[in-house]
Amino acid sequence: QQQVKQSPQSLIVQKGGIPIINCAYENTAFDYFPWYQQFPGKGPALLIAIRPDVSEKKEGRFTISFNKSAKQFSLHIMDSQPGDSATYFCAASYTGGFKTIFGAGTRLFVKA
Amino acid sequence: NAGVMQNPRHLVRRRGQEARLRCSPMKGHSHVYWYRQLPEEGLKFMVYLQKENIIDESGMPKERFSAEFPKEGPSILRIQQVVRGDSAAYFCASSPEGLIDTQYFGPGTRLTVL
């Protein structure tokens, strides 16, 4: 119930492509869904986050789509660039809870 | 405003030794979290602390691991009698009062147990 399942494990796209990373959860108490970007040797950095009261959120080239009934959410990266090559983690937490549950991560490689 | 600081960045210990990992949260942040990341895996929650208090340690192994966040000074994650399976990257994150969802991560400490 506390798991967040993330797919795919790895992804290769051409520059300008739109990689999509998907996550699914079971616990309906989750009400905060952040995405983190991690470069090798660095800590994760918060990229964008969404709450279940909206179905989509955009920040620059990054968009989260959220489907509450399916308990799924996804990250889309528009016009992807080689500099976007990193590992992306979805996560979930709930108000009043103290831990953030992370997905296993997706390694994205954007070819120049 | 400096980010979350962790030291050392790399730590090598022999089996049976103690490892001490330090985390200084961002200025003004009173919530600290510790996570462990094994190679090719996601982050696993270990413990959540506020100043001088452990709030949730449900992700921490019951033996050999302890954490503290004293009134003055950094948060410390302590691993006694390390074993090879403790080799991992340990990340600290902090968040400000009232925004505990928003966690800012440090660069991590990479522990290698020989």
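Look up a bit, the structure's there.
The residue numbering used here restarts from 1 in each chain and proceeds along that chain's sequence as written. Here every chain gets a letter starting at A, and every ligand a number starting at 1, in the order they are written. The model is predicted, so local features are restricted to residues of pLDDT at least 70 and side-chain atom pairs to those at 80 or more, both for listing and for counting; the totals for chains, interfaces and linings are taken over all residues. Note that water and hydrogens are dropped before the side-chain values are worked out from all heavy atoms of the structure.

Draft legend 1. Structural detail: the pattern of salt bridges. The term salt bridge refers to a pairing of a side-chain nitrogen on Lys or Arg with a carboxyl oxygen on Asp or Glu at a separation within 4 Å. Following the criterion strictly, the structure yields 6 salt bridges over all chains and no others. In this structure, Lys71 of chain A and Glu26 of chain A form a salt bridge, with 4.0 Å as the shortest nitrogen-oxygen distance. Placement of the pair is Lys71 of chain A in the loop between strand 7 (62-67) and strand 8 (72-77) and Glu26 of chain A in the loop between strand 3 (20-25) and strand 4 (33-38), with a sequence separation of 45 residues. Across the pair Glu18 of chain B and Arg20 of chain B runs a salt bridge whose closest N-O atoms are separated by 2.9 Å. Secondary structure follows DSSP: runs of H or I at least 4 residues long count as helices, runs of E at least 2 residues long count as strands, and numbering of each begins at the N terminus.

Draft legend 2. Just the nonpolar core, in detail. Each nonpolar core is a collection of buried residues, namely Ala, Val, Leu, Ile, Met, Phe, Trp, Tyr and Cys, held together in the definition by side-chain atoms within 4.5 Å. Relative accessibility under 20% of the residue-type maximum defines a buried residue, over 50% an exposed one, and the middle range a partly exposed one, all with a 1.4 Å probe and only protein chains included. Ranked by internal contacts, the top residues of the largest apolar core, which has 25 residues, are Val4, Phe33, Trp35, Phe73, Leu75 and Tyr88 of chain A. Only strand 2 (10-14), strand 3, strand 4, strand 5 (45-50), strand 7, strand 8, strand 9 (86-92) and strand 11 (106-111) of chain A provide two or more residues apiece to this core. Contact between two residues is taken to exist if any of their heavy atoms lie within 4.5 Å; hydrogens are not considered. In this structure Phe33 of chain A touches Tyr25, Ile48, Ala49, Ile50, Pro52, Ile64, Phe66, Phe73, Ala91 and Ala92 of chain A, once residues within four positions along its chain are discounted. One finds Ala19, Met26, Trp34 and Cys92 of chain B within the second-largest nonpolar core, a separate group that totals 23 residues.

Draft legend 3. Expanded view of the sheet that holds strand 1 (residues 5-7) of chain B. Residues and elements named next belong to chain B. The sheet built from 4 strands is open, its strands ordered 1-3-8-7 with antiparallel pairing. Of all strands in the sheet, those bounded by a partner on one side alone are strand 1 and strand 7 (65-68). Pairs of neighbouring strands in the sheet enclose a mean axial angle of 15 degrees, with direction left out of account. As judged from the 3 bridges shared by strand 1 and strand 3 (residues 19-24), these two strands associate in the antiparallel manner. A pair of strands is treated as paired once DSSP finds two or more bridges between them. With axes taken as lines fitted to C-alpha atoms, and helix axes fitted only over the stretch in contact, angles between N-to-C directions fall between 0 and 180 degrees.

Draft legend 4. Spotlight on the environment of Val82 of chain B. Looking at the element boundaries, Val82 of chain B is found in the loop between strand 8 (75-79) and strand 9 (88-96). Along the sequence, Val82 of chain B and Gln50 of chain B sit 32 residues apart, while their C-alpha atoms lie 26 Å from each other.

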